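Descriptive structure summary
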Amino acid sequence: MSGGISCFIRSLDGDWLQLDGCAVGIEIRRRFQREIARDGEGDDLIDQGSESMEFSLTGRIDLPTYLKAQTIFRSGTCWFIDPFEEQEIKVCFARVRYNSGSNEFEFLLIEDVV
């Protein structure tokens, strides 16, 4: 694989799986609460002061690597090294897509704030 970022993911007690040449998409959302005032004008948005992140990893992997990733997916809790901030974070491995014809994959990881 050429280009892209090296990504690392592991199950709670497992070894790190390195995925080379990943394209990493990230979405960060702030959490808000909407407060609607009765007999008033409009509403207020109250910043709850927390964020949640979703990582979308795409690229190409061979079948043995996919099978290792599937084991991590089925293990429940897993860890991911955020390639931008270079810190280990707990994530929910929310979605796996793999095409054996093209070896293309897509993983969706959602940060699990601890």
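Anything mentioned here points back to the structure above.
Residues numbered from 1 in each chain as written. Predicted model: local features only at pLDDT ≥ 70, side-chain atom pairs only at ≥ 80, totals over all residues. Heavy atoms only, no water.

**Focus on the overall build of the chain**
- Check the secondary structure of the chain and you find one helix and six strands.
- If you list the helices and strands of the chain from N to C, you get β-β-β-α-β-β-β.
- Relative to the 2.2 N^0.38 estimate, which gives 13 Å for 114 residues, the radius of gyration of the chain is 18 Å and therefore markedly larger than a compact globule would have.
- C-alpha atoms of the chain, sized along the principal axes, occupy 60 × 30 × 25 Å.
- Expressed as a percentage of the 114 residues in the chain, the buried residues total 29%. (Helix = DSSP H or I, 4+ residues; strand = E, 2+ residues; numbered from the N terminus. Rg over C-alpha atoms; globule rule 2.2 N^0.38 Å. Buried < 20%, exposed > 50% of the residue type's maximum accessible area, 1.4 Å probe, protein only.)

**A word on the pattern of salt bridges**
- According to the stated counting rule, one finds six salt bridges in the structure shown.
- Measuring nitrogen to oxygen at the nearest pair gives 3.3 Å for the salt bridge that ties Arg-97 to Glu-106.
- Taking relative accessible area as the criterion, Arg-97 reaches 47% and is therefore assigned partly exposed.
- One connected set of salt bridges, linked through shared partners, spans Arg-95, Arg-97 and Glu-106. (Salt bridge = Lys/Arg side-chain N within 4 Å of Asp/Glu carboxyl O.)

**Remarks on the state of the cysteines**
- One pass over the full model with this rule turns up zero disulfides.
- Here Cys-7 stays free of any disulfide, with the sulfur of Cys-22 as its closest cysteine sulfur at 3.7 Å.
- In this structure Cys-7 comes out as buried when scored by relative accessible area, which is 1%.
- For Cys-92, which is in no disulfide, the shortest distance to another cysteine sulfur is to Cys-78 and amounts to 7.3 Å. (Disulfide = S-S within 2.5 Å.)

**Overview of unusual backbone geometry**
- Phi at Glu-86 takes a positive value of approximately 50 degrees, unusual for a residue other than glycine.
- If you trace the backbone, Glu-86 turns up in the loop between β4 (77-82) and β5 (87-99).
- Here Glu-86 falls in the exposed class, since its relative accessible area comes to 67%.
- Backbone geometry at Asn-103 places phi at a positive 65 degrees, although glycine is not the residue there.
- On the secondary structure map, Asn-103 appears in the loop between β5 and β6 (104-111).

So far we have only geometry, and geometry alone does not tell us how the molecule works.
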